[in-house]
Every structure is written in C-alpha cells, then in structure tokens.
Amino acid sequence: MMTFHELSGFVQGLCQTCMTLLVILSMISLIFALSTRAKRFPFCLSILLLCFGILFLWLTVYAVEEQKEGKTTWFGQIPMVVLAILFFTDASISIVNFIGLIHWKNNHITLHSVKESMDLLPTALCYYVAGGMTALVNQKMTKLSLALTGQEVLNGEQFWDLLKKYKNEEGIVVEIPGGAFYSFSQKRLTVGNRELYEIIAMDVTASYQLSQKLKEENEHLEQMNERMRKYNQDVEMAAREKKILAAKVHIHDNIGHLLLSAKRVLSMPAGDAKQEREQLLRVWQQDTTLFISNQEEQCCGGRFLDLETAAASLGIKIDYCGHLPVKDRRASDTLSLIVHECLTNAFSHAQATRLEVCLEEAGECYNINCTNNGKRPEEPVKEGGGLSSLRNHIEEEGGMMSITSYPAFKLSVTLPKGSDEFGKKI
C-alpha cells in the first residue's frame, strides 16, 4: 500500500494545506464556543480537534523535512488509506461541530444576540458605569458620536457632558450634520448590585420641525393679534369721538334752548318773572356743571375728581368704596358714565345729597352698585334716554345692568375687565 513518503511533493503540500485549513476551522470553532458560551461538549470537542489538527499538521511537516534529508519516519510509513481516513474523520467532525455551534447560536440568546438586537434598534443607546467606562454602545449611538465628536463613545461621562452644552428649554436636542435632530436623555439604572447610566437618543426631526413651524406661526398670529388690538383701539376711539360729537351737538342744542328761554325770561317784567328766573338759573347751573364734568380729554383719575367737584357744586357728595380701575381705561370710561348718569338722576329726580358707589372685584369682572339717600321711587323706574344709552353702552362692553326700585333705588352693573391692573384704592 502507498505510504506518505511515496507521495509526490505536490500531493504532500496539498495534504499540509488541507490540514492547515482544518486547524483554522478548529480555532474558529473554539473561539465561537468561547464567545457564545456554548455547552461544555462543543467547547471540549473544539479543543480536541484543534490539538489533533496541530499534531497531524506538525507530523506531516516533520515527515517532509526528514524525507528531504534522506531519512524516514514512522509517520511517513503509515499507509495513505489510514491517513485519509483520519483526515476525513477529523474534517467531518470539525464541520459538524462548527455547524452545530452556529445552530446553537441561532436558537439561543447570547451576548452577541443582545448586541445584534440592540444594533437593529432605531434608538441610539449607550450604557456606562460610574467613571465613564462604557458597557454597551449600539451602532446608532456610535454613528451619532462620530457625527458629533469625530470618534466613538470612549467615555460615557465625557460624552454626556458634551451633550449638556446643547440643553435648552426643550431639553437636549442636537442637530446632526445632514439636517436630522436627535433628543438625548439620561437615566440611572440599577442592575443587580451594579449601577449603570443609560443615554438614549431618539430621532425627533419631524416633531422638532413641526414645533418650530408652530412656533413661527404663533409668532405670526401674535403679530396679527397685536394689529387687531390696535385696530380695535382705533375703532373704540372713533366710536368714543362719535359719542362725544353727539354729546356736544346735544349740549349745543340745550344751550340754544336755554339762551332762547333766557331771552324770553329777561324780556318779561322783573316782578312777573322772578320764579321763572330762579328756575332758569338752576337749569343753567345744572347743565353747565354736568357739561364740565363730561369732558373726555381729561385723564381717568381726573375724570372722577371732576365728577366729585361737579357733585359738590350740586350739593351732592360722592362716596366711593372699593378700588377705582384707573389703569383699566375701558372700565374707567364706563364707570365714569355710570356715575355721571347716577349723579344726574340723584340731582334731578331724588334730590339726594349723597351718592354711594361701591366697586368690588370678582374674578374677571367688576361688580358696581350705585345708591343714593334721596327720595324713594314711587313707582318702578322707567329707563329714559340716559339710562337706555347707558345700558346699551354697558352691553356693548360685554356687561350687564339691572335697576332695583324697592325698597330704594339701586343701579347694579357687572362689567368685564379690560386690563390686568385693578387700580388704586380711594
């Protein structure tokens, strides 16, 4: 039977190459068994196959070298049939062992399985212990670190300190080269008796861009609201000027009638017109005083002082309780109209000497109550031109007005606020 020494040099070299490949396969199987923490049998079998392969390869090399020197060895005298059986047996067992390890890895959870599954996640993850030494970093976090720092995550604490520089009111949102936005957060975990720190990064490009767009639209709407507020103020000013003009026309007409009446009374004999002259004087005094107190050009606080001065000239004292909304222009204007109308009615119908105006803040509204110490109404008060105009104005401002006739006259108004500042106490 043909022995190893009887083979040609080419065939002997081919045998050595095949044995080298088997040794490499056995080494891969052993490393694979170590890394996957497979069962003990595949691990031990891999060691045995590796040792056998190295020994077989060494014997073939030794036999070839001895043959070159003209010597023979016991290995070179072994029939090739035996050597072929040993080689193919070793190759078959090595291949079956390697395939078995792969099958075991695919059907069992290993450290590599955890790493591979985390690499497939769309979320970037980094775990590290106190001091910064990383325990696990998936590929997504590695890519983000390379984009931000130019290197992989080598120290978790240093990487987190770098990320904190991007912190704003929305958290830590970082723009990655390419236009993507990622939100970073950190958690402290306890695994067994070991403390870990977790850094999570999520792609928030779509939501961040939407929030920025919403912010820009809100700013645009705020600008539009500001223009609308200015427009409303202009409309209110125009309406107020229109009312002032109507009041001036009305006062002008009243003064015209008074002048005609004065001319008629003055043309009468002195003895016959004494009573008419006294009545005419009271009317002149009343209209002149109310005209002065209704001037809109004066400031809010001055308007109330003028009303008190006008009331004093009519023999009426105004008592305020509560806070005057002097910094709330709309409420102040409406309140002055209310006091003006109540003062007119107290002088003309009730012959009162005291007018009480009580103001109370109730949430987003003012509660206003006006009473006097004059004659009580003999019948329910009917709203004439002054009270009807006052009600229309109050309802236009979003308020409500009610009148109580018994047991005494009382005008109650609920008025919404037009400013956040309530005013000063009188």
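Preceding this paragraph is the structure being described.
Residues numbered from 1 in each chain as written. Predicted model: local features only at pLDDT ≥ 70, side-chain atom pairs only at ≥ 80, totals over all residues. Heavy atoms only, no water.

## A closer look at the sheet that holds strand β5 (residues 180-191)
Moving on, step 1. Strands sit in the order β2-β1-β6-β5-β4-β3 across an open sheet of six strands; the sheet is antiparallel. Across the chains shown, the open sheet's two edge strands, defined by having one partner strand only, are β2 (134-137) and β3 (167-168).
Moving on, step 2. Lying over the sheet, helix α6 (residues 156-163) contacts β1 (124-128), β2, β3, β4 (171-176), β5 and β6 (194-203), oriented at roughly 135° with respect to β5. (Pairing = 2+ DSSP bridges. Helix = DSSP H or I, 4+ residues; strand = E, 2+ residues; numbered from the N terminus. Contact = heavy atoms within 4.5 Å. Axes fitted to C-alpha atoms, helices over the stretch in contact; angles between N-to-C directions.)

## Regarding the nonpolar core
Moving on, step 1. One finds I338, V357, I368 and L411 to be the most contacted residues of the largest nonpolar core, which totals 31 residues.
Moving on, step 2. Elements with a contribution of two residues or more to this core: α9 (300-313), β7 (317-321), α10 (329-348), β9 (354-362), β10 (365-372), α11 (385-396) and β12 (410-416).
Moving on, step 3. The element best represented in this core is α10, accounting for seven residues.
Moving on, step 4. Discounting chain neighbours no more than four positions away, the residues touching L411 are I338, C342, I368, N369, C370, L387, L390, M401, S402 and I403. (Core = buried A, V, L, I, M, F, W, Y, C linked by side-chain atoms within 4.5 Å. Buried < 20%, exposed > 50% of the residue type's maximum accessible area, 1.4 Å probe, protein only.)

## Examining α6
Moving on, step 1. All buried positions along α6 are accounted for by G156, F159, W160 and L163. Seen along its axis, α6 keeps its buried residues to an arc of 100°; they face one direction.
Moving on, step 2. With a side-chain oxygen lying 3.1 Å from the backbone nitrogen of E157, the N-terminal cap of α6 falls on N155. (Arc of directions from axis to C-beta. Polar contact = N/O pair within 3.5 Å; in protein donor to acceptor, adjacent residues only side chain to side chain.)

## Structural notes on the sheet that holds β7
Moving on, step 1. Taken in spatial order, the five strands make up an open sheet running β7-β9-β10-β12-β11, and their pairing is mixed. Only two strands of the sheet have a single partner each, and these edge strands are β7 and β11 (400-404). Across the sheet, the mean angle from the axis of one strand to that of its neighbour is 15°, orientation sign disregarded.
Moving on, step 2. In terms of strand pairing, β9 meets β10 through eight bridges, oriented antiparallel. Paired with V357 across the two strands is C370, which belongs to β10.

## Digging into the packing of helix α2 (residues 40-68) against helix α3 (residues 80-106)
Moving on, step 1. Relative to each other, α2 and α3 sit at 150°, their axes nearing to 10 Å. α3 is crossed by α2, and the crossing has left-handed handedness. In this structure, α2 contributes P42, L45, S46, L49, F52 and F56 to the contact, and α3 contributes L83, L86, D90, I93, S94, N97 and L101. (Left-handed = near helix turned anticlockwise from the far one by under 90°.)

## So, the pattern of salt bridges
Moving on, step 1. Inspection of every chain in the model, using the stated rule, returns nine salt bridges.
Moving on, step 2. Residue R354 pairs with E356 through a salt bridge whose shortest N-O separation is 3.5 Å.
Moving on, step 3. Through salt bridges with shared partners, a single network forms among K317, D319, R354 and E356. (Salt bridge = Lys/Arg side-chain N within 4 Å of Asp/Glu carboxyl O.)

## Re unusual backbone geometry
Backbone phi values are negative for most residues with the exception of glycine, while trans is the configuration of most peptide bonds.
Moving on, step 1. In this model, Y406 is joined to P407 through a cis peptide bond whose omega is 0°.
Moving on, step 2. Take P407: it is sitting in the loop between β11 and β12.
Moving on, step 3. Although it is not a glycine, Q351 adopts a positive phi angle of roughly 45°.
Moving on, step 4. Position of Q351 among the secondary structure elements: in the loop between α10 and β9.

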